[in-house]
Amino acid sequence: MASRPLASDADAPIYRGQRNFSRARLNLPARIVTFNGTSDCTLIDLSCTGAKIAAQDCPRVGSMVIIESLPMELFGTVRWSRRGLFGFEFDRAMTQQEVIAMRHYADGEAARQKEAQMVYARNWVQGIRQSAY
């Protein structure tokens, strides 16, 4: 027999399909670190308690992962995964100020990438060997 949520629980965000915290859209390149290795990903959005991440190879639900190559490392657990996206719940909730700081960092990402491409192109023209940006 399936249990139904208590009347008091019916108003909880999980039953309404809503979140407790608003999300900041980021679209930041990052890296996933799991027990199986490291791979590239994109941090799509972020709230105080979790994030949505796009990756070619998503980790399994329940996996503990680290998201790095950002101003701060994010530690947590994969809560859902489907079609190249997964939801990630943080071990420690972020403050609203940390979320805002990450959003400001994301605002400057396009400029950082453009500058890195210009440096790479300039060095290539000058014959300076380097690894990909």
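Placed above this text is the structure.
Since we're looking at a predicted model, the values are computed, not measured.

Moving on to the nonpolar core. Counting 24 residues, the largest nonpolar core has Leu-46, Ile-67 and Leu-74 as the members making the most contacts within it. Of all the elements in the fold, those that place two or more residues in this core are β1 (24–34), β2 (37–46), β3 (50–55), β4 (64–68), β5 (74–82), β6 (85–90) and α2 (96–107). Of the residues forming this core, the biggest block, five residues, is contributed by β1. With residues up to four places along the chain from it excluded, the contact list for Leu-46 reads Ser-22, Arg-23, Ala-24, Leu-26, Ala-51, Leu-74, Phe-90, Met-94, Val-99 and Met-102.

So, about the pattern of salt bridges. Evaluation of the coordinates by the stated rule reveals five salt bridges. For the salt bridge of Asp-40 with Arg-31, the shortest nitrogen-to-oxygen distance reads 2.5 Å. Residue classification places Arg-31 among the partly exposed positions, given a relative accessible area of 29%. Note that Glu-98 is salt-bridged to Arg-92, the shortest N-O span being 3.4 Å. Residue classification places Arg-92 among the exposed residues on the basis of a relative accessible area of 51%.

Backbone geometry at Asn-27 places phi at a positive 60 degrees, although glycine is not the residue there. Inspection of the secondary structure puts Asn-27 in strand β1. Of note, Arg-83 is a non-glycine position whose phi angle comes to about 45 degrees, a positive value. Tracing the backbone through its elements, the reader meets Arg-83 in the loop between β5 and β6.

The next point concerns the pairing of β2. As judged from the nine bridges shared by β1 and β2, these two strands associate in the antiparallel manner. Residue pairing for β2: Ala-24 is matched across the bridge by Leu-46. From the end of β1 to the start of β2, which pair antiparallel, there are two residues. Summarising the sheet, β2 and β3 pair through five bridges and their orientation is antiparallel. The residue bridging Thr-42 from the neighbouring strand is Ala-54, located in β3. Once β2 ends, the chain turns through three residues before running back antiparallel as β3.

For the rest of this paragraph, the subject is the side chain of Asn-123. As for its position among the elements, Asn-123 is in helix α3 (residues 109–125). Beyond its immediate chain neighbours, meaning those up to four positions away, Asn-123 contacts Ile-128 and Gln-130.

Two descriptors summarise a pair of aromatic rings, namely the distance from one centre to the other and the angle between the planes of the rings. This structure, assessed with the given rule, holds one aromatic pair. The interplanar angle of 75 degrees and the centroid separation of 5.6 Å between the aromatic rings of Phe-88 and Phe-90 together place this pair among those described as edge-to-face. You can call Phe-88 buried: its relative accessible area is 2%. Judged by its relative accessible area of 7%, Phe-90 is buried. Over the ring of Trp-80 we find Arg-82; its NZ or CZ atom is 4.4 Å from the centre of that ring.

Reading the values: rules and limits
Chains are numbered independently. Their residues run from 1 in the order of the written sequence. With pLDDT at 70 or above as the cut-off, local features in this predicted model cover only qualifying residues; side-chain atom pairs require 80 or more to be listed or tallied, and sums for whole chains, interfaces and linings still use all residues. Only hydrogens and water are set aside; all other atoms, that is, all heavy atoms of the structure, feed into the side-chain values. Take the buried Ala, Val, Leu, Ile, Met, Phe, Trp, Tyr and Cys residues and link them wherever side-chain atoms come within 4.5 Å; each set so joined is a nonpolar core. The buried label goes to any residue with under 20% of its type's maximum accessible area, the exposed label to any with over 50%, and the partly exposed label to all in between, with areas taken from a 1.4 Å probe on protein chains only. Helical segments are the DSSP runs of H or I of at least four residues, strand segments are the runs of E of at least two, and each set is numbered from the N terminus. Contacts between residues were defined by any pair of non-hydrogen atoms, one from each residue, lying within 4.5 Å. Salt bridges are counted wherever a side-chain nitrogen of Lys or Arg sits within 4 Å of a carboxyl oxygen of Asp or Glu. Strands pair, by our definition, only if DSSP identifies at least two bridges between them. In summary, the pairing rule links any two rings of Phe, Tyr or Trp, Trp by its six-membered ring, whose centres are within 6.5 Å, and it sorts them by plane angle into stacked for under 30 degrees, edge-to-face for over 60 and tilted for everything else. Counting as a charge over the ring demands two things of the Lys NZ or Arg CZ atom: a distance within 6 Å of the ring centre and an angle within 35 degrees of the ring normal.

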